[in-house]
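# Reading the structure
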Amino acid sequence: MLESEGRRIMDKLKEIGGLKSIGRGWQEGETRLPCAVVQMSGERAAIFSDDREYLTEVTAYVRLYAQNAGELESLGKLIREKMTEMKYQ
């Protein structure tokens, strides 16, 4: 689940204009800024009923790297909005 959820997050972040690079980790060589790095850190069963898992809690980190504070603020706001659209808190 973590792998597919990470891809889903990256696909949504690609909709944000202004991000020049989106990946799973820091890219070797010259990374184009601003960039977002998506890391999935874990998942756990949040609700069980009748011996079945009904809700899974997933933890994701989205790190934003930019050249200045203005880019961080404006793109950070757009990333938070995208994550909220996907029901992340």
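Below is a short write-up of the structure. (Residues numbered from 1 in each chain as written. Predicted model: local features only at pLDDT ≥ 70, side-chain atom pairs only at ≥ 80, totals over all residues. Heavy atoms only, no water.)

### Some details on the layout of surface pockets
Our working definition: Cavities and pockets were defined on a 1 Å grid built from protein atoms only: a cavity is a group of points that admits a 1.4 Å probe but offers it no way out, a pocket is an open group of points flanked by protein on both sides within 12 Å along at least five of seven lines, and a lining residue is one with an atom within 4 Å of any such point. Grid points are joined across faces, edges and corners, and a volume is the space filled by probe spheres set on the points. For helices the rule is a DSSP run of H or I covering at least 4 residues; for strands it is a run of E covering at least 2, with both sets numbered from the N terminus onward. Classes in brief: Ala, Val, Leu, Ile, Met, Phe, Trp, Tyr, Cys and Pro nonpolar; Asp, Glu, Lys and Arg charged; the others, Gly included, polar.
Each pocket or cavity is described by its volume, and for the largest pocket that value is around 270 Å³. Lining the largest pocket are 13 residues, with Ala60, Val62, Arg80, Met83 and Gln89 sitting closest to its centre. Within the residue set of the lining of the largest pocket, elements represented by two or more residues are strand S3 (52-65) and helix H2 (69-85). In terms of residue count, S3 provides more of the lining of the largest pocket than any other element does, six residues in total. Grouping the amino acids of the lining of the largest pocket by side-chain chemistry returns eight nonpolar, four polar and one charged. Mapped onto the lining of the second largest pocket, the elements with two or more residues apiece are helix H1 (2-13) and S3.

### A closer look at the environment of Arg8
Rules: Per-residue accessibility, obtained with a 1.4 Å probe over protein chains only, is compared with the maximum for each type, and a residue is labelled buried under 20%, exposed over 50%, and partly exposed between these values. We call two residues in contact when some of their heavy atoms are within 4.5 Å.
Position of Arg8 among the secondary structure elements: in helix H1. Its relative accessible area of 36% is what places Arg8 among the partly exposed residues. Separated by 32 residues in sequence, Arg8 and Met40 place their C-alpha atoms 11 Å apart. The contact partners of Arg8, leaving out residues within four places of it in the chain, are Met86 and Tyr88.

### Brief notes about the nonpolar core
The tendency in soluble globular proteins is for nonpolar side chains to be buried side by side. Test applied: As used here, the term nonpolar core means buried Ala, Val, Leu, Ile, Met, Phe, Trp, Tyr and Cys residues forming a set that is joined through side-chain atoms within 4.5 Å.
Membership of the largest hydrophobic core comes to 16 residues, with the highest contact counts inside it found for Ile9, Leu13, Leu19, Ile79 and Tyr88. Going through the elements one at a time, H1, strand S2 (35-49), S3 and H2 are the ones with two or more residues in this core. With near-sequence residues (within four places) excluded, Ile9 lies in contact with Val38, Met40, Ala60, Val62, Met83, Met86 and Tyr88.

Keep in mind these values describe shape, not function.
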